[in-house]
Amino acid sequence: KVQGALAELPEVGKVLSIADERDEFARILKSVGSREMSGPDRIALVRKALDPTTISPYVTADSARARVFARVRESHPGLERARTVGAIRRFVAADPDVAKLQPRVTGLFVLYTNMLETLVRSQAVSFAISFAAIAAMMAALFRSARIGLISMVPNTLPILLVLGVMGWSGVHLDL
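Residues numbered from 1 in each chain as written. Predicted model: local features only at pLDDT ≥ 70, side-chain atom pairs only at ≥ 80, totals over all residues. Heavy atoms only, no water.

A look at the overall build of the chain
The cut-off we apply is this: Under the DSSP-based scheme used, a helix requires at least four consecutive residues in state H or I and a strand at least two consecutive residues in state E, with every element numbered from the N terminus. Burial classification: accessible surface area is computed with a 1.4 Å probe over protein chains only, and a residue below 20% of its type maximum counts as buried, one above 50% as exposed, and the rest as partly exposed. Only heavy atoms enter the contact rule, under which two residues are in contact if any of them lie within 4.5 Å. Reported accessibility uses the Shrake-Rupley method at a 1.4 Å probe radius. Residues are deemed covered only where the shown protein chains occlude them.
Check the secondary structure of the chain and you find nine helices and two strands. Element order for the chain, N to C, with α for helix and β for strand: α-β-α-α-α-β-α-α-α-α-α. Counting only residues that meet the buried cut, the chain has 21% of its 175 residues in that class. Long-range pairs, those at least 24 residues apart, make up 59% of the contacts in the chain with a sequence separation of at least 6. Accessible surface, the chain: about 12,800 Å² in total, of which carbon and sulfur atoms supply 63%.

This is how it looks when you write it as structure tokens:
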């Protein structure tokens, strides 16, 4: 279910899970004519043919946890990282069969998304603190809060102009 839901997102490229390995083994068993084999014989064949390193990226050794890998197309024109991570989190929380497994959305994409959100938030705080500090210095210099605030127009205008042009032209504030 998770693999299918991830594959439907337009920003997501290749999605891999243990289901792919299962399908590959089913294809192999079918191609060697093993359809007449009993269930235990098939399991024995799969266990014999299955190198532990094949499934170790997908399932832990004790089979307590499984992973689904999704590659996100960073070059996708409509990529909104926070929305994509949110959509994945909403799906795994809303589907009762998936939610009971206590899934966690992790990986470099999530880490990068959180880092960019923190970057934008810290930039906004930095601009606000800088504005307040410069306004206070200008007010002290001119001995008037009103003139200090008026003097902030030429100090703030270049910042607003650069950020406005960046937003208008589609240049993102990221690393």
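So that's the structure; there's more coming.
Some remarks on the packing of aromatic side chains
Note the cut-off: Note on aromatic contacts: the rings of Phe and Tyr and the six-membered ring of Trp form a pair at centre separations within 6.5 Å, being stacked when their planes are under 30 degrees apart, edge-to-face when over 60 apart, and tilted otherwise.
Per the counting criterion, the structure on display carries one aromatic pair. With a centroid separation of 5.8 Å and an interplanar angle of 75 degrees, the aromatic rings of Tyr58 and Phe69 are classed as edge-to-face. Of the two residues, Tyr58 is situated in the loop between α4 (52–55) and β2 (69–72) and Phe69 in strand β2; the sequence distance between them amounts to eleven residues. Residue class for Tyr58 comes out buried when judged on its relative accessible area of 9%.

What to know about the packing of helix α5 (residues 81–94) against helix α7 (residues 108–142)
The test is simple: Lines fitted to C-alpha atoms define the axes, with helix axes restricted to the stretch in contact, and inter-axis angles between N-to-C directions lie between 0 and 180 degrees. For this classification, under 35 degrees means roughly parallel, over 145 means roughly antiparallel, 65 to 115 means roughly perpendicular, and everything else is oblique. Helix crossings are classified by the rotation of the near helix relative to the far one: an anticlockwise turn of less than a right angle makes the crossing left-handed, while a clockwise turn makes it right-handed.
The interhelical angle for the contact between α5 and α7, taken along N-to-C directions, is 130 degrees, at an axis separation of 9 Å. Relative to α7, the element α5 lies oblique. When you trace α5 past α7, the crossing you get is left-handed. On α7, the residues touching Arg81, Ala82, Thr84, Val85 and Arg89 of α5 are Phe109, Val110, Tyr112, Thr113, Leu116 and Glu117.

So, the layout of surface pockets
What counts is decided by this rule: In the cavity and pocket records, a cavity denotes points on a 1 Å grid over the protein atoms alone where a 1.4 Å probe fits but cannot get out, a pocket denotes an open set with protein on both sides within 12 Å along at least 5 of 7 lines, and lining residues are residues with an atom within 4 Å of a point. Grid points are joined across faces, edges and corners, and a volume is the space filled by probe spheres set on the points. When residues are grouped by polarity, Ala, Val, Leu, Ile, Met, Phe, Trp, Tyr, Cys and Pro land in nonpolar, Asp, Glu, Lys and Arg in charged, and all others, Gly among them, in polar.
In this model, the largest pocket occupies a volume close to 1,500 Å³. Every residue lining the largest pocket is counted, 39 residues in all, and those nearest its centre are Val2, Ala66, Arg67, Val68 and Arg104. Ranked by the residues each element gives to the lining of the largest pocket, the list is headed by β2, at four residues. Of the residues that constitute the lining of the largest pocket, the class distribution is 24 nonpolar, seven polar and eight charged.

Some words on the nonpolar core
This is how the line gets drawn: The term nonpolar core refers to a set of buried residues drawn from Ala, Val, Leu, Ile, Met, Phe, Trp, Tyr and Cys, joined through side-chain atoms within 4.5 Å.
Leu6, Leu9, Val12, Val15, Ala87 and Ile88 together form the largest nonpolar core, which totals six residues. Only β1 (12–16) and α5 provide two or more residues apiece to this core. In terms of nonpolar packing, the next biggest core, distinct from the first, is built from five residues, Val72, Leu79, Val85 and Phe109 among them.

A look at α5
Cut-off, in case you're wondering: Under the convention used throughout, the expected extent of a helix is 1.5 Å for every residue step, that is, one less than its residue count.
With 14 residues, α5 extends 20 Å from end C-alpha to end C-alpha; this agrees with the ideal 20 Å at 1.5 Å per step. Restricting attention to buried positions, one finds in α5 the residues Arg81, Thr84, Val85, Gly86, Ala87, Ile88 and Val92. Against the buried residues of α5 lie α1 (2–8), α6 (96–99) and α7.

Some remarks on unusual backbone geometry
With phi around 55 degrees, Gln102 is a residue other than glycine that occupies positive phi space. The residue Gln102 is located in the loop between α6 and α7 in this model. A residue is classified by how much of its surface remains accessible, and Gln102, at 67% relative accessible area, is exposed. One non-glycine residue with positive phi stands out, namely Arg143, at about 55 degrees. Within the fold, Arg143 resides in the loop between α7 and α8 (145–150).

The values are spatial; any link to function lies outside them.
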